[in-house]
Amino acid sequence: MRAHVWALALLVWLALARPAQAAPSLTNVVDEAGLRVRAEANVVDLGHELATVMRTKAAGIRADLPGLPSPARVDLIVVDDTSAIGAWAPNHNVPTWAAGVAFPEHGLVIVARRRHGRMLDPHNTAAHELAHLMLGVATDHRAPRWLHEGFAMLHAPEASWQRGQVLNGMSWMNSHIPIEELDASFPADEVPAHRAYAQSADLVEFLVRRGRWDDAEDDGDRYPFRRFIAAIADGRSPDHAARAAYGRPLAFLFTEWKEDLSRRMAFIPADVFTGLVWTFTAMLVGLAYWRRRRSNARRHGRL
């Protein structure tokens, strides 16, 4: 009996002592002054494509950060599956569902092609994470989380039926996340964070198009939004930055955003509308059936 116990203990020790499996080696794809791209062997072609994305998107992102610091060099790592992201992350601690991550302090972006066999959109992910990286460097990590996420989605927009439904529900139920609680509303799990992501994206888009004055004709130049970011980079709080850029406190702008969202969502939600259509159709079919039976009954009564 004792021999079996010792044997079991030895097997457990050997399992624990076994070194962790090394991550696949990386192939150098691009290595130039401001950009280095490395990729796993089976995604080298994707590495070349994402190098083009990084070069193209950087100019547009930099335009929203005029006069602010830029990363001297961006290091992009492309992996086949999200399960490999943690092996290359500096702290090895990334959300299991993340399609990509950015580490502004290291100038590093990591992007995956798929998650557990399901293909992702690495081109959009690369642009999203590059925006995170550049905003982090520009503001010296002072930007609040909601601004970070909204800014990244601004520069890597994606059509999302789910986001529209979330915003519609917020508007109809008046269930917006208070601005002072928004940063704390990004839990580690993907699904519970949907509301915070959707609200952040829409709020930032509102700030971009608002203009300096609350006038429908004063929009489109992005100057106030860029000044807002510059004030945060200068060390001001988001509220003080809002006053400097828009002449209004952040709470006032947040109320304006809610009113703007209500105007844009002032229609029957898509799922409710669909339900009403089906209900109305069923009523028409039922009425037609009832009228036919009644007509047949009358005809038989005359025979």
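Residues numbered from 1 in each chain as written. Predicted model: local features only at pLDDT ≥ 70, side-chain atom pairs only at ≥ 80, totals over all residues. Heavy atoms only, no water.

Q: Describe the overall build of the protein, naming the residues involved and giving the relevant values.
A: Looking only at helices and strands, the protein has eleven helices and six strands in total. In the protein, buried positions account for 42% of the 303 residues. Look at the contacts in the protein between residues 6 or more apart in sequence, and 63% of them connect residues 24 or more apart. Working note: accessible area of the protein is about 17400 Å², and carbon and sulfur atoms make up 58% of it. (Helix = DSSP H or I, 4+ residues; strand = E, 2+ residues; numbered from the N terminus. Buried < 20%, exposed > 50% of the residue type's maximum accessible area, 1.4 Å probe, protein only. Contact = heavy atoms within 4.5 Å. Areas by Shrake-Rupley, 256 points an atom, 1.4 Å probe, with all protein chains shown as cover.)

Q: Requested: an account of the packing of aromatic side chains, with residues and values cited.
A: Under the defined criterion, the tally for this structure stands at four aromatic pairs. Ring centres 6.3 Å apart and planes at 55 degrees place the aromatic pair Phe228 and Tyr246 in the tilted group. With a gap of 18 residues between them, Phe228 in helix 8 (residues 223-233) and Tyr246 in helix 9 (residues 238-246) connect regions that are remote in the sequence. As far as the burial class goes, Phe228 and Tyr246 line up, both buried. Their ring planes at 35 degrees and their centres at 5.4 Å tell us that Phe254 and Trp257 sit as a pair that is tilted. Of this pair, Phe254 and Trp257 both sit in helix 10 (residues 250-264), three residues apart, roughly one helical turn. Here the two residues Phe254 and Trp257 agree in accessibility, since each one is buried. (Phe/Tyr/Trp six-rings, centres within 6.5 Å; stacked < 30°, edge-to-face > 60°.)

Q: Lay out the pattern of salt bridges with the relevant residues and their values.
A: A complete count under the given rule lists 16 salt bridges for this structure. Between Asp80 and Arg113 there is a salt bridge; the shortest N-O distance is 2.5 Å. Residue Asp80 is found in strand 3 (residues 74-81), and its partner Arg113 is found in strand 5 (residues 108-115); the two are separated by 33 residues along the sequence. Classification of Arg113 by relative accessible area gives partly exposed; the value is 24%. Salt-bridge contacts for Glu256 lead to Arg210; the nearest nitrogen and oxygen are separated by 2.6 Å. Note that Glu256 is positioned in helix 10 and Arg210 in helix 7 (residues 194-210), a separation of 46 residues in sequence. Counted as one network, the salt bridges with shared partners bring together Asp202, Arg209, Asp260, Arg263 and Arg264. (Salt bridge = Lys/Arg side-chain N within 4 Å of Asp/Glu carboxyl O.)

Q: I'd like to hear about unusual backbone geometry, residue by residue, with values.
A: A positive phi angle is found at Asp140, which is not glycine, with a value near 55 degrees. Along the chain, Asp140 falls in the loop between helix 4 (122-139) and helix 5 (145-155). In this structure Asp140 comes out as partly exposed when scored by relative accessible area, which is 47%. Although it is not a glycine, Asn174 sits at a positive phi angle of roughly 50 degrees. Looking at the element boundaries, Asn174 is found in the loop between helix 6 (161-173) and helix 7.

Q: Could you give me a rundown of helix 8, with the residues and numbers involved?
A: Those residues of helix 8 not exposed but buried are Pro224, Phe225, Phe228, Ile229, Ala231, Ile232 and Ala233. A positive backbone phi angle near 105 degrees is found at Gly235, which sits one or two residues after helix 8.

Q: I'd love a proper account of the packing of helix 8 against helix 9, names of residues and values included.
A: Following both chains from N to C, one finds helix 8 and helix 9 inclined at 145 degrees, their axes separated by 8 Å at the closest point. For the pair helix 8 and helix 9, the crossing hand works out as right-handed. Contacts from Pro224, Phe225, Arg227, Phe228, Ala231 and Ile232 of helix 8 reach helix 9 at Pro238, Ala241, Ala242, Ala244, Ala245 and Tyr246. Of the residues assigned to the contact of helix 8 with helix 9, the class counts are eleven nonpolar, no polar and one charged. (Axes fitted to C-alpha atoms, helices over the stretch in contact; angles between N-to-C directions. Left-handed = near helix turned anticlockwise from the far one by under 90°. Nonpolar A, V, L, I, M, F, W, Y, C, P; charged D, E, K, R; others polar.)

Q: Report on the environment of Glu259, specifying residues and quantitative values.
A: Looking at the secondary structure, you find Glu259 in helix 10. Judged by its relative accessible area of 45%, Glu259 is partly exposed. For the pair Glu259 and Ser171, spaced 88 residues apart in the sequence, the C-alpha separation amounts to 8.9 Å.

Q: Describe in detail the packing of helix 6 against helix 7, supporting the description with residues and values.
A: Relative orientation of the contacting elements helix 6 and helix 7 amounts to 85 degrees, with a least axis distance of 9 Å. Taken together, helix 6 and helix 7 sit at an angle that is classed as roughly perpendicular. Contacts between helix 6 and helix 7 pair Gln162, Arg163, Val166, Leu167 and Met170 from the former with His194, Arg195, Ala198, Gln199, Ala201 and Asp202 from the latter. Class assignment for the residues of the contact of helix 6 with helix 7 results in five nonpolar, three polar and three charged. (Parallel < 35°, antiparallel > 145°, perpendicular 65-115°, else oblique.)

Q: I'd love a proper account of the confidence of the model for the protein, names of residues and values included.
A: In regions of low pLDDT, the predicted coordinates are not meant to be interpreted in detail. For the protein, per-residue confidence averages 83 on the pLDDT scale, and residues scoring 70 or more make up 75% of the total. The low-confidence segment residues 271-277 (pLDDT under 50) makes three contacts with residues lying over four places distant or belonging to another chain. (pLDDT = per-residue confidence, 0-100.)

Q: Outline the side chain of Arg115, listing residues and values.
A: Of note, Arg115 is situated in strand 5. For Arg115, the residues in contact, after removing those within four places along its chain, are Asp81, Thr82, Trp97, Ala98, Ala99 and Leu120.

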